[in-house]
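Architecture at a glance
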Amino acid sequence: MSIVPLGIELQDATVLVVGGGSVGARKTRRFVRAGATVVVLSPEFAEAAVGDAADEAGEIAGTADAGDAEAGTVERVRVAPSDDVAEAAAWLDRVDPLLVVCATNDEGVNEAFAAAARDAGVLRNRADVAESEDAGSVVVPATVEDDPVVVSVSTGGRSPALSKYLREQLEDDLAGAGAMAVLTGEIRADLKNRGVAPEVRREAVRTVVRDRGVWKALRTGNTNARQAAETVVTSVVGEQGST
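First things first, this report covers the structure right here in the doc. (Residues numbered from 1 in each chain as written. Predicted model: local features only at pLDDT ≥ 70, side-chain atom pairs only at ≥ 80, totals over all residues. Heavy atoms only, no water.)

When its secondary structure is counted, the protein shows nine helices and seven strands. Burial status across the protein gives 37% buried among its 243 residues. Expressed as a percentage of contacts within the protein between residues at least 6 apart in sequence, the contacts between residues at least 24 apart total 66%. When the accessible surface of the protein is summed, it comes to about 13,800 Å², and 48% of that surface belongs to carbon and sulfur atoms. (Helix = DSSP H or I, 4+ residues; strand = E, 2+ residues; numbered from the N terminus. Buried < 20%, exposed > 50% of the residue type's maximum accessible area, 1.4 Å probe, protein only. Contact = heavy atoms within 4.5 Å. Areas by Shrake-Rupley, 256 points an atom, 1.4 Å probe, with all protein chains shown as cover.)

Here it is as structure tokens:
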């Protein structure tokens, strides 16, 4: 198996989740938060879990700031998915998904939808298979998010427990990373506008990223974080590009 980590934009995309149990619900919540329209096929649903995904979509939409990605939606279809590839293909034609997630407890059903997705050239994820060498197969990794920073951990499906453990280890280390990304992005843009040479801009940003004082200010919510960063930048840039 050779997995290459890639980011994928799911805002306004459609994801077909086959299976309404706890695994399907967990995947559904993940994709709803990414802004996808999620269609879930199942004869019954883990009501609390899948229902929570729909409720969460409403909460995200109600609290999102202007310019933030909008929450997706959940459509639950109460049907027993078949292990017939032709019937699975018909669902793909109807839903037209970017990604199919096979998350039932029936290997035959999962294989049918995976085969239909493969034939249609659609990305697919099987929750019941540790690894697949088929082109177009995807693994949904454990992630730590501090917007806009996203760090993913994957064992290729071999050990979800290890992925979860590593994700938990990273959570504290990444505190403040989102704010640092925003801050350094603003600094890069400002230095470029001031005409600072590219190699000096890069060194200034690298120095800010490595500065413990700036990290401490960001992690404690100190309003002086920008000032601390500017002091670091000045130590590298000096008066270059100043007006």
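Turning our eyes to something else, we now look at the pattern of salt bridges. This model, assessed by the stated rule, comprises eight salt bridges. R126 is paired through a salt bridge with E111; the nearest N and O atoms lie 2.5 Å apart. Highlighted residues: R126 in strand β5 (residues 123–126) and E111 in helix α4 (residues 107–120), separated in sequence by 15 residues. The class of R126 is buried, set by a relative accessible area of 17%. A salt bridge links R226 to E230, with the nearest nitrogen and oxygen atoms 2.9 Å apart. Taken together, the residues R226 and E230, both in helix α9 (residues 225–237) and four residues apart, mark about one turn of the helix. (Salt bridge = Lys/Arg side-chain N within 4 Å of Asp/Glu carboxyl O.)

Turning next to the pairing of strand β2 (residues 37–42). Most of β2 sits inside the fold, with five of its six residues counted as buried. Judged from the five bridges that link them, strand β1 (residues 14–18) and β2 form a sheet pairing that is parallel. Looking at β2, one finds that V18 is bridged to L41. Following the chain from β1 across helix α1 (residues 22–33) to the adjacent parallel β2, one finds a crossover that is right-handed. (Pairing = 2+ DSSP bridges. Right-handed = clockwise from strand over helix to strand, strands pointing away.)

All right, on to helix α6 (residues 177–193) then. Its 17 residues give α6 an end-to-end C-alpha distance of 24 Å, which sits within 8% of 24 Å, the value for a rise of 1.5 Å per residue. Those residues of α6 that fall on the buried side of the exposure criterion are A177, G178, M180, L183, T184, I187 and L191. In this structure, the buried residues of α6 make contact with β6 (142–146), β7 (149–153), α7 (198–209), α8 (212–219) and α9. Where α6 ends, the next residue or the one after it, G195, has phi of about 80°, a positive value. (Expected span 1.5 Å × (residues − 1).)

Right, let's talk about the environment of A127 for a bit. Within the secondary structure, A127 sits in the loop between β5 and β6. Residues A127 and N110 lie 17 residues apart in sequence; the distance between their C-alpha atoms is 8.6 Å. Among all residues touching A127, those that are not within four sequence positions of it are V23, K27, C102 and A103.

The amide bond that connects D147 to the next residue, P148, takes the cis arrangement and shows omega of 10°. Residue position: P148 is located in the loop between β6 and β7. Look at D12: it is not a glycine, yet its phi comes out positive at around 70°. D12 sits in the exposed class, given a relative accessible area of 63%.

Moving on to the nonpolar core. Counting 23 residues, the largest nonpolar core has I187, L191, V208, V214, V233 and V237 as the members making the most contacts within it. Where this core is concerned, the elements lending two or more residues are α6, α7, α8 and α9. Core analysis: the next-biggest nonpolar cluster, separate from the first, contains 18 residues, V39, L41, V77 and L92 among them. (Core = buried A, V, L, I, M, F, W, Y, C linked by side-chain atoms within 4.5 Å.)

On to α7. Taking 1.5 Å of rise per residue, the twelve residues of α7 would be expected to cover 16 Å, and the 17 Å separating its terminal C-alpha atoms lies within 8% of that figure. Where α7 is concerned, the buried positions are V200, A204, V205 and V208. All buried residues of α7 project into a common sector of 130° when viewed along the axis, lining one side. (Arc of directions from axis to C-beta.)

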